[in-house]
Amino acid sequence: MPSDLDDVERFTEEFLKRLQFGQGVALPRATKNDLYYALARTVRQQLMARWLETVQRQMQAKAKVVVYLSAEYLLGRQLDNALLASGLTDTAEAAIDGLGLDMQTIRDTEVEPGLGNGGLGRLAACFIDSLATLRIPAIGYGIRYEYGIFRQTFEDGHQVEQPDSWLTLGSPWEFPHPEMGVKVPFAGHTEKYLGEDGRERTRWVNDWEVIGVPYNYMVPGYRTGNVNTLRLWSARATQAFDLHVFNNGDYLQAVRSQAFAENISKVLYPEDSTPQGKELRLQQQYFFVACSLRDFLTNVMGPGFDPRKLPERVIFQLNDTHPVIAIPELMRILVDEKDIPWDEALDICRQCFAYTCHTLLPEALEVWPVELLGRLLPRHLEIIFRINDDFLAELREAYPDDELRVRSMSIIQEHPERAVRMAYLATVVGAKVNGVAELHSQLLRDKVLSDFSAYWPDKFTNVTNGITPRRFIGLANPALTELITDTIGDGWLRDLGRLVELEPHADDPAFLDAFAAIKVGNRKRLAGLLERRDGIVLPQDAMYDVMVKRLHEYKRQTLKLLHIVTLYQRLQENPDLDIVPRVFLFGAKAAPGYWIAKQTIALINAVGRVIDNDPIVAGRLKVAFPANYNVTLAETLIPAADLSEQISLAGKEASGTGNMKLALNGALTIGTLDGANVEILQAVGEENFFLFGLTEPQVHAIYESGYQPREYFQNNPELRKALGAIASGAFSDGNREAFAPIVDSLLHEDRFLALADYQSYIEAQDRVDLAYRDTRAWNRSAVLNVARSGFFSSDRSIQDYLDRIWNASPVDAS
Ligand code: F55
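Computed from a prediction, not measured in an experiment: that's the story for all the values here.

## Quick notes on the packing of helix 21 (residues 509-534) against helix 32 (residues 775-787)
Next up, step 1: Packing of helix 21 against helix 32 leaves a shortest axis separation of 10 Å and a crossing angle of 85°. With respect to each other, helix 21 and helix 32 are oriented roughly perpendicular. Between helix 21, through Pro509, Phe511, Leu512, Asp513, Phe515 and Ala516, and helix 32, the contact on the second element is made entirely by Arg776, Asn779, Arg780, Ala782, Val783 and Val786.
Next up, step 2: Classifying every residue of the contact of helix 21 with helix 32 by side-chain character gives 8 nonpolar, 1 polar and 3 charged.

## Brief notes about the domain arrangement of the protein chain
Next up, step 1: Taken as a whole, the protein chain is organised into domain 1 (1-61 + 78-111), domain 2 (62-77 + 112-465 + 799-806) and domain 3 (469-489 + 497-692 + 754-791).
Next up, step 2: For domain 1 and domain 2, the distance between their C-alpha centroids amounts to 34 Å.
Next up, step 3: Each side of the interface is counted separately: domain 1 has 30 residues, and domain 2 has 35 residues.
Next up, step 4: With both sides pooled, the region where domain 1 packs onto domain 2 buries about 2,800 Å², and carbon together with sulfur makes up 57% of that total.
Next up, step 5: Of all residues in domain 1, the largest losses of buried area upon contact with domain 2 belong to Trp51, Gln78 and Val111, amounting jointly to 27% of the total for that side.
Next up, step 6: Residues Asp108 and Arg77 are paired through a salt bridge, measuring 3.1 Å at the closest nitrogen-oxygen approach.
Next up, step 7: For the interface between domain 1 and domain 2, the tally reads 19 residue pairs in polar contact (both at pLDDT 80 or more).
Next up, step 8: Going through the elements one at a time, helix 2 (32-61), helix 3 (79-86) and helix 5 (103-109) are the ones with two or more residues in the side of domain 1 that touches domain 2.
Next up, step 9: Ranked by residue count, the leading element in the side of domain 1 that touches domain 2 is helix 2, at 18 residues.
Next up, step 10: When its residues are assigned to classes, the side of domain 1 that touches domain 2 shows 15 nonpolar, 7 polar and 8 charged.

## Structural notes on a nonpolar patch on the surface
Next up, step 1: A cluster of nonpolar side chains, contributed by Tyr251, Leu252 and Val255, occupies part of the molecular surface with about 310 Å² of accessible area.
Next up, step 2: Within the fold, Tyr251 resides in helix 8 (residues 251-262).

## A closer look at the pattern of salt bridges
Next up, step 1: Here the structure, examined in full by the defined rule, presents 55 salt bridges.
Next up, step 2: For the salt bridge of Asp295 with Arg231, the shortest nitrogen-to-oxygen distance reads 2.6 Å. Here Asp295, found in helix 9 (residues 279-300), pairs with Arg231, found in strand 12 (residues 227-237); they are 64 residues apart in sequence, far enough to count as distant. Side by side, Asp295 and Arg231 carry an identical accessibility label, which is buried.
Next up, step 3: Among the salt bridges present, the one from Asp545 reaches Lys560, with a minimum N-O distance of 3.1 Å. Taken as a pair, Asp545 in strand 20 (residues 543-548) and Lys560 in helix 22 (residues 557-573) lie far apart in primary sequence, 15 residues in all. In this pair, the class of Asp545 matches that of Lys560, namely buried.
Next up, step 4: Through salt bridges with shared partners, a single ionic network connects Asp197, Arg199, Arg201 and Asp339.

## Side note on the site of the ligand
Next up, step 1: What surrounds the ligand is a group of 19 residues, the closest being Asp272, His358, Asn465, Glu653 and Gly656.
Next up, step 2: Residue His358 places a side-chain N or O atom 2.6 Å away from an oxygen atom belonging to the ligand.
Next up, step 3: In the environment of the ligand, an oxygen atom lies 3.3 Å from a nitrogen or oxygen atom belonging to the side chain of Tyr554.
Next up, step 4: When isolated, the ligand has an accessible area of 530 Å², and the protein chains bury 92% of it.
Next up, step 5: A molecule is said to occupy a pocket when more than half its atoms come within 2 Å of that pocket's grid points, and by this definition the ligand occupies the largest cavity.
Next up, step 6: The element that contributes the greatest number of residues to the shell around the ligand is helix 6 (residues 119-133), accounting for 3 residues.
Next up, step 7: Here the shell around the ligand is composed, by residue class, of 6 nonpolar, 8 polar and 5 charged.
Next up, step 8: Residue-level mapping places the shell around the ligand at the junction of two domains, with at least three residues from each of domain 2 (62-77 + 112-465 + 799-806) and domain 3 (469-489 + 497-692 + 754-791).

## Examining the packing of aromatic side chains
Next up, step 1: Taken as a whole, this structure holds 25 aromatic pairs when the rule is applied.
Next up, step 2: Taken together, a centroid distance of 6.0 Å and an interplanar angle of 50° make the contact between Tyr399 and Tyr455 tilted. In this pair, Tyr399 sits in the loop between helix 14 (378-398) and helix 15 (403-408) while Tyr455 sits in helix 18 (residues 450-455), placing the two residues 56 residues apart along the sequence.
Next up, step 3: Cluster of aromatic residues (ring-pair linked, three or more members): Phe391, Tyr399, Tyr424, Phe452, Tyr455 and Trp456.
Next up, step 4: Across from the ring centre of Trp456, 3.8 Å away, lies the NZ or CZ of Lys459, which sits over that ring.
Next up, step 5: Here Arg523 stacks its cationic end above the ring of Tyr544, 5.6 Å away from the centre of that ring.

## Topic: a negative patch on the surface
Next up, step 1: A cluster of acidic side chains, namely Asp4, Asp6, Asp7, Glu9 and Glu13, defines a negative patch on the protein surface.
Next up, step 2: According to the relative accessible area criterion, Asp4 is exposed, its value standing at 54%.

## Description of the UniProt feature "modified residue: N6-(pyridoxal phosphate)lysine" (unreviewed entry) in the protein chain
Next up, step 1: Taking the UniProt record as the reference, the feature "modified residue: N6-(pyridoxal phosphate)lysine" (unreviewed entry) is found at Lys661.
Next up, step 2: Examined against the element boundaries, Lys661 turns out to sit in helix 25 (residues 658-664).
Next up, step 3: For Lys661, a relative accessible area of 9% puts it in the buried group.
Next up, step 4: Filtering out sequence-adjacent residues up to four positions away, Lys661 remains in contact with Arg122, Ile467, Phe472 and Ile638.

Calculation rules
- Residues numbered from 1 in each chain as written.
- Predicted model: local features only at pLDDT ≥ 70, side-chain atom pairs only at ≥ 80, totals over all residues.
- Heavy atoms only, no water.
- Axes fitted to C-alpha atoms, helices over the stretch in contact; angles between N-to-C directions.
- Helix = DSSP H or I, 4+ residues; strand = E, 2+ residues; numbered from the N terminus.
- Parallel < 35°, antiparallel > 145°, perpendicular 65-115°, else oblique.
- Contact = heavy atoms within 4.5 Å.
- Nonpolar A, V, L, I, M, F, W, Y, C, P; charged D, E, K, R; others polar.
- Domains from an automatic or database assignment.
- Buried area = accessible area lost by both parts, 1.4 Å probe.
- Salt bridge = Lys/Arg side-chain N within 4 Å of Asp/Glu carboxyl O.
- Polar contact = N/O pair within 3.5 Å; in protein donor to acceptor, adjacent residues only side chain to side chain.
- Patch = residues over 30% accessible without salt bridge, like charges linked within 9 Å, V, L, I, M, F, W, Y side chains within 5 Å.
- Areas by Shrake-Rupley, 256 points an atom, 1.4 Å probe, with all protein chains shown as cover.
- Buried < 20%, exposed > 50% of the residue type's maximum accessible area, 1.4 Å probe, protein only.
- Near = heavy atom within 4 Å.
- 1 Å grid on protein atoms, 1.4 Å probe; cavity = no way out; pocket = protein on both sides within 12 Å on 5 of 7 lines; lining within 4 Å.
- Sits in = over half its atoms within 2 Å of the grid points.
- Phe/Tyr/Trp six-rings, centres within 6.5 Å; stacked < 30°, edge-to-face > 60°.
- Lys NZ or Arg CZ within 6 Å of the ring centre and 35° of its normal.
- Lys, Arg positive; Asp, Glu negative; His and termini not counted.
- Charge placed at Lys NZ, Arg CZ, Asp CG, Glu CD.
- UniProt positions renumbered as here; feature names shortened; annotations may be inferred.

Now the structure itself:
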């Protein structure tokens, strides 16, 4: 891509101009933040013309637009990504260097926008990157939370949450458009009235409203000249709130009302699996969906657009159930505002929406109490009821003698309280429903939504998740990126399948040495970072064994811990035991209200402290748990990993995407047959993967036969010893109460079969220990993991969405 700024002198000049005229400071007095802003603005400027041109071109083409609706985007830092996309990294570095400044300091000034919880939010960020790179006309819509995912700190080993004020120093990447505010009504009641044509119609008379202000962000495609838009909404009080001041003379009340309105986009809910049925959360969902639909219909499609043409012009992809309220909202617009007859409107909606499910855990499926929905969105509740009535009538015709089945498929749940099942609503109206890995999609069809897949077999499909190689190898692993480019040439970062060309080099000693040296370098880089960031000192000559993901019982961080304790006890028993030295790296945030998850964090830290202080271990084991794992830390941590822990109970992890990031960076996986692990195993080959554990059908059988965790405990001496040590206070200064809840929950319930999988896990870890000793063979496997990870590019995922669900095409530069 030709660039106006690709010589160092011009770039330097432009940068200094931004500093002087944008920040109003001269170089000698510039703060870190000034430098960061000036650099960001320099790159931003470069992308701007292409952005406007892309939008223009896509509008003119009248092509079908992919509208990605997601309550979360876990973007990570923007500066490096913008430089990489526009091909300006080297120029910028040379310019900054030439001015005697430090590029890394400038990079580290950026606070990442953490507007997501974990996998689902990061997936959305990867997908908009791929959509832009593939030149698909696409818009991402979401919420501009003032506070993203909390900042995690540890006090005494316990998680303490701090607010994430990512906007304190502003963001040079956003373009606010207060003049484009959208009104969002809430509450009130509905009324029937007679239209001019004599037909009965409904209107919603709302009680209060807020304004949604759009903030635009550039989404640069990788060296394509294409720049798409991410539009995030921020809530503002309306005039009506301010008028209170005059009407009531109650100034404080007016300010309170304003604060109330602006609460809506204040903070991201930090639960990643058990949605709390909180009113504010529903307000957030409706708020961003209403703004997005209004914006799309009026501003993107333009004035005079005939909504009957919607199915040709748009697909709304629903990222989980969080934006599903868009379905009744579009129905309301079509029926109440555009005067389209009900059946025709429903027919339009049935073509415009598609739904991605990201879970299998029943407790993670969102339901909204009828009472709450009716109070906040009375018209939407009526519409949902009518959709359900139509649907149930249809079902009764199909299954005249099976009222039980009909009821079990109702969008409305009756017990324990009347509530709307958002996943069912999305399934009934959505044109397609997809899971996020083969196994997950199969289990959706066979279990979670089996009645629906029996009724509509063609509605269900799979799109296995992917990750953007630009961020997760291009930015995260520059040394490996360079080695790969030197070996197979350019172009693989947007055609990741080409990594297979590395395969022949897996047997080339010089290549293997170069590869190994890069791992060493990445471990060193991580050690440097953790020492500066957390005061953690990592031994270099060790296997880096990595488990990074949200803390959840189903992901089984405790199983990992049982392995660590077992190794420690083996050393205590036999101090001369020959084991491969290991650094166990954890990264995990627990939802603030998820008590046992927070206890598990405390236990990991407690075990780490004891092991650290025991001379018997003598540098052979180290537990490192840097606080506040986020996208930025991931980018340094993942490239340093040797072993990737993907040990969820089979049938519980929908896909996982960390598993893909680690494999792509040359870590070998130890994992169960769960989520996308199954496909990773297929891709890399079982010789290059440490498989263990029960399969999903075996898990099912154990549950059915009445699982007795105690039996596994009693029959396994090493397990007894490890769990016994935790119970007896070995990691809590003799305090037996401290971790009793974790021990008890494992012994008495163990919902996720950690004890049942323990022996198999330990044996797999013993195989890991053996395999790692053969450096050459290990590195060969690692290279094959890289070479065979091409399938897990989010570019491939997006191509699958295009083929299987969206039926949209690229719009190329003219
Ligand atoms: C966030 C909020 C709520 Cl209310 C519920 C769930 C979440 C959330 O963050 N879920 C999530 O991250 N799910 C994960 O999605 C990934 C992308 O598809 C999968 O890889 C992963 O298996 C799944 O757990």
